[in-house]
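The chain contents come next:
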Amino acid sequence: MNRGSRLPGPPVLKVSGDMGILIEFGATYDPVINNAVTAFDAALNADLPLGVIETVPSFRSVLVRFDPGILAFERLHRLMADLAASRDWYRAPPAASRRVWDLPVVYGGEHGPDLAEVGDLMGLGADAVAKAHAGAVLRVAMLGFSPGLAYLGQLPEAWDFPRRTTIAPRVPAGAILVAVRQSVLPGTDIPTGWRWIGQTPFRSFDVNAAQPFRLTPGDEVRFHAIDAAGFARFDNAAFLKGQGL
Amino acid sequence: MSGLEILSVAPTTTVQDRGRSGFLRYGVTGGGAMDVFALAEGQALLGNDADAAALEFAAFGGRFRAKGGFWVATSGAEMALAVNGAAMGWRRSFRLEDGDIVDVGAAMRGVYGYLHVTGGLQTEVVLGSRATHLRAGFGHVPSAGDLLAVGKADREASAWVLPEPAYFQQSTLRLMWGPQSEYFTKAERDRFAAANFIIRPERDRMGIRVQPDCGPVHADAGLTIASDAINLGDIQITGDGTPAILLADRGPSGGYPRIATLATADIPALAQMQVGAKFRLEVVTREQAVALLAAFRERIRALPGQMAPALRDPRDMGDLLSYNLIGGVMRGDEHDED
């Protein structure tokens, strides 16, 4: 993809409270901006100075939280500015450590009650919606909102419809939610305004596991349709083993 | 097993410690005590580790019974307190013996009160913390019938009393402009910073809605920005123009424009403001906010030196207390130094 002069940037460093420095790579969700975020975050975490509490990558920025009693603002700011200037993050290659996930999904029925409604919004039948969703190659853009909830992007223009104006009090962990050209995969039961078209039996978040969070920004995700019997049969441990985990 | 048995408790009660760090990138918010100064007071009174967990009451307490003998302490919002029916003052450590009944009533000053135990509450640790996070289902949810195990004391505790910290009188909160302040015009920011604010009833561990007397506040741009990380104390402006200050159990990320961020040192003062309380804002620089944080931490380090011995066991003062009640004074700590 040659974006030429349309490349965003350069990244901007901003003070964020008395314990944070934010580096913004852009203002919107854009795969090029998001890839820059993932690459910068990985480079920063490869050599973190003492006093950094955590880094929080998002769609478009990285917040570095630090203890100003241990690490001087000026030192962290210089370190981040130097790293930002050290290469063109908008052309960073995808992370070598990223995983490719092929996740099973039951579309429609009790596992995705909004499938027909989404079909109406897209001018497609329910089967065509499921086929289009399962055919998309998506990328974990960020985790946020609730434990392990993954924002996956970016679906084609046809998926550019809004979230609901009302909030469903509860959708289950593993629900496949869509709107605004994104697919969202929650790790826990959540209330939501996103539209619910399917459910994966894969557990992206398990608080009791040695590795509680399975999805990482930069990971590639695609889906394949299964039936309800396949959902009931799904063995999470066997699936992870099949992934070499 | 020594422990604190819950006979009844308000449903908004949680277990809190210093919260989780390192998990914001996974969508897990920090949580932890709404008033970290009060948490530190309890650790000082009992000689507990900084990581020890306590019960956090949100304006309403509960009734408890001691199983075995151990030390406890109270801190944060001053709440009505009685041990075996005898009133006792707040912000102090005292020993419970097997079968003692502790009644914690409503908050009289402030909002978040804490009941600490020797060695901290030994509830389950989830992602490095015992903090209850109701929406995520993390941590223990205190309820009637629980027996909460207490920890081991590193050293023998004793009866201490701490003075009420000055932030319960604070009516000015310091803030810094932040990464999204530029989405608001200079005039709008000036209007916001000069306003008088009132704490609205919509408040919980996630955040507090506040009402400025300047009317709704509106962003000039930035309404289509993609979500990113939210700081403790970020002031978010939602669609109707009402500011909300985001606190311990805030969502870890969000896309509404945020006009400013409160100084970390002023979070306890805000958390303890009751519905209807009034405050003003003062814009400070990053350097000033960091200096406020350093001074805040120094006050925590100085807590042991602030503790005075509680000379008399208030449970021996039944006669004095009934005299007080007749006199209409609902405190139990006036006679401690007699």
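Numbering of residues starts from 1 in each chain and follows the order in which that chain's sequence is written. The lettering of chains begins at A and the numbering of ligands begins at 1, in the order of writing. Residues qualify for local features only when their pLDDT is at least 70, as the model is predicted, and side-chain atom pairs are given and counted only at 80 or more; totals for whole chains, interfaces and linings, by contrast, use all residues. The side-chain numbers reported here are obtained from all heavy atoms of the structure, hydrogens and water having been left aside.

### Looking at the sheet that holds strand 12 (residues 195-199) of chain A
All names here are of chain A.
Stage number 1. For two strands to pair, DSSP has to find at least two bridges joining them. Note on conventions: DSSP H or I runs of at least 4 residues are helices, E runs of at least 2 residues are strands, and numbering of each starts at the N terminus. Judged by pairing direction, the barrel is mixed, and its seven strands sit side by side in the order 5-12-9-10-7-6-13 before closing back on the first. Averaged over all neighbouring strand pairs, the angle between strand axes comes to 40 degrees, with direction disregarded.
Stage number 2. Sheet topology places strand 5 (residues 100-107) next to strand 13 (residues 220-225); six bridges connect them, and they run parallel. Counted as the bridge partner of L103 is F223 from strand 13.
Stage number 3. Here helix 3 (residues 115-122) sits on the sheet in contact with strand 5, strand 9 (175-179) and strand 12, set at roughly 120 degrees to strand 12. Here the axes come from fitting lines to C-alpha atoms, over the contacting stretch only for helices, and the angles between their N-to-C directions go from 0 to 180 degrees. Pairs of residues are marked as contacts when any of their non-hydrogen atoms sit within 4.5 Å.

### Observations concerning the nonpolar core
Stage number 1. Nonpolar cores are built from buried Ala, Val, Leu, Ile, Met, Phe, Trp, Tyr and Cys residues. Side-chain atoms within 4.5 Å join them into one set. Burial status follows relative accessibility: with a 1.4 Å probe on protein chains alone, a residue under 20% of its type maximum counts as buried, one over 50% as exposed, and anything between as partly exposed. Of all hydrophobic cores here, the largest spans 55 residues; its most connected members are L270 and F279 of chain B.
Stage number 2. Considering each element in turn, this core owes the most residues, seven residues, to helix 1 (residues 36-46) of chain B.
Stage number 3. Residue ranges labeled as domains rest on an automatic or database domain assignment. When we break this core down by domain, the ones giving at least three residues each are domain 1 (3-163 + 307-326) and domain 2 (167-300) of chain B.
Stage number 4. Apart from residues no more than four positions distant in its own chain, L270 of chain B is found in contact with L173, I199, R203, I208, I245, L247 and L262 of chain B.
Stage number 5. The next biggest cluster of nonpolar side chains, apart from the first, holds 44 residues, and it includes L155, F161, I176 and V178 of chain A.

### Some points on helix 4 (residues 126-135) of chain A
All names here are of chain A.
Stage number 1. Of the positions making up helix 4, those classed as buried are V129, A130, H133 and A134. All buried residues of helix 4 project into a common sector of 125 degrees when viewed along the axis, lining one side. Facing away from the buried side of helix 4 by more than 90 degrees, the exposed set consists of D127, K131 and G135.
Stage number 2. Looking at the buried side of helix 4, the elements it contacts are strand 5, helix 3, strand 9, strand 10 (182-185), strand 12 and strand 13. This arc is taken over the directions from the axis of the helix to the C-beta atoms.

### A short note on the domain arrangement of chain A
All names here are of chain A.
Stage number 1. Along its sequence, chain A is organised into domain 1 (4-91) and domain 2 (100-242).
Stage number 2. If you average the C-alpha positions of domain 1 and of domain 2, the two centres end up 29 Å apart.
Stage number 3. Across the boundary between the two partners, domain 1 contributes eight residues, which contact 10 residues of domain 2.
Stage number 4. As a working definition, buried area equals the accessible area (1.4 Å probe) given up by two parts on being put together, with both sides summed. Surface buried jointly by domain 1 and domain 2 totals about 800 Å² across both partners, of which 57% is contributed by carbon and sulfur atoms.
Stage number 5. Each reported salt bridge corresponds to a side-chain nitrogen of Lys or Arg within 4 Å of a carboxyl oxygen of Asp or Glu. At the junction of domain 1 and domain 2, the tally comes to zero salt bridges.
Stage number 6. Each polar contact in these results corresponds to two N or O atoms within 3.5 Å; when the atoms are within protein, one needs to be able to donate a hydrogen and the other to accept it, and residues that are neighboring in sequence are counted only if both atoms are side-chain atoms. Between the two partners, domain 1 and domain 2, sit four residue pairs in polar contact (both at pLDDT 80 or more).

### Overview of the packing of aromatic side chains
Stage number 1. Any pair of Phe, Tyr and Trp rings, taking the six-membered ring for Trp, is counted once the centres come within 6.5 Å. Such a pair is stacked with planes under 30 degrees apart, edge-to-face with planes over 60 apart, and tilted for the rest. Considering all chains together, one arrives at 21 aromatic pairs over all chains under this definition.
Stage number 2. Ring geometry for F205 of chain A against F213 of chain A: centres 4.9 Å apart, planes inclined by 25 degrees, an arrangement best described as stacked. For the pair F205 of chain A and F213 of chain A, one class covers both residues: buried.
Stage number 3. Look at F192 of chain B and F197 of chain B: their rings are 5.4 Å apart centre to centre, the planes differ by 80 degrees, and that puts the pair in the edge-to-face class.
Stage number 4. Under the relative-accessibility criterion, F197 of chain B is labelled buried at 2%.
Stage number 5. In this structure an aromatic cluster arises from ring pairing among F205 and F213 of chain A together with F23, Y26 and F138 of chain B.
Stage number 6. Over the ring of W177 of chain B we find R189 of chain B; its NZ or CZ atom is 5.5 Å from the centre of that ring. Any Lys NZ or Arg CZ found within 6 Å of a ring centre and within 35 degrees of that ring's normal is scored as a charge over the ring.

### Overview of the side chain of S61 of chain A
Stage number 1. Along the chain, S61 of chain A turns up in strand 4 (residues 61-66).
Stage number 2. Taking relative accessible area as the criterion, S61 of chain A reaches 1% and is therefore assigned buried.
Stage number 3. At a separation of 2.8 Å, a polar atom in the side chain of S61 of chain A contacts the side chain of D228 of chain B.
Stage number 4. Excluding anything up to four places from it in sequence, S61 of chain A contacts L22, I23, E24, F25, V37 and V56 of chain A together with D228 of chain B.

### A short note on the interface of chain B and chain A
Stage number 1. Contact with chain B, which involves 34 residues of that partner, is made by 41 residues of chain A.
Stage number 2. On the chain B side of the contact with chain A, R25, Y26 and R286 of chain B bury the most area, a combined 22% of that side's loss.
Stage number 3. Put simply, chain B and chain A have five salt bridges between them.
Stage number 4. Measuring nitrogen to oxygen at the nearest pair gives 3.4 Å for the salt bridge that ties E74 of chain A to R286 of chain B.
Stage number 5. Across the contact surface, chain B and chain A share 17 residue pairs in polar contact (both at pLDDT 80 or more).
Stage number 6. Sorting the residues of the side of chain B that touches chain A by element identifies strand 14 (228-229) and helix 4 (286-301) of chain B as the ones contributing at least two each.
Stage number 7. In terms of residue count, helix 4 of chain B provides more of the side of chain B that touches chain A than any other element does, five residues in total.
Stage number 8. Ten residue types, Ala, Val, Leu, Ile, Met, Phe, Trp, Tyr, Cys and Pro, are classed as nonpolar, four, Asp, Glu, Lys and Arg, as charged, and the remainder, Gly among them, as polar. Grouping the amino acids of the side of chain B that touches chain A by side-chain chemistry returns 19 nonpolar, 10 polar and five charged.

### Describing the domain arrangement of chain B
Residues and elements named next belong to chain B.
Stage number 1. Domain annotation for chain B reports domain 1 (3-163 + 307-326) and domain 2 (167-300).
Stage number 2. Distance between the C-alpha centres of domain 1 and domain 2: 28 Å.
Stage number 3. At the junction of the two partners, domain 1 supplies 29 residues and domain 2 supplies 22 residues.
Stage number 4. For the domain 1 and domain 2 pair, buried surface summed over both sides reaches about 1900 Å², with 56% attributable to carbon and sulfur atoms.

### So, the pattern of salt bridges
Stage number 1. Taken as a whole, this structure holds 34 salt bridges over all chains when the rule is applied.
Stage number 2. A salt bridge links E182 of chain B to K14 of chain A; the shortest N-O distance between them is 3.3 Å. Of the two residues, E182 of chain B sits in the loop between strand 11 (172-177) and helix 2 (186-194) while K14 of chain A sits in strand 1 (residues 12-15), which places them in two different chains.
Stage number 3. Relative accessible area serves as the criterion here: at 51%, E182 of chain B is assigned to the exposed category.
Stage number 4. Assessed through its relative accessible area of 12%, K14 of chain A is described here as buried.
Stage number 5. The shortest N-O distance in the salt bridge between E157 of chain A and R181 of chain A comes to 3.6 Å. Taken as a pair, E157 of chain A in the loop between strand 7 (150-153) and strand 8 (168-171) and R181 of chain A in the loop between strand 9 and strand 10 lie far apart in primary sequence, 24 residues in all.
Stage number 6. Here E157 of chain A falls in the exposed class, since its relative accessible area comes to 57%.

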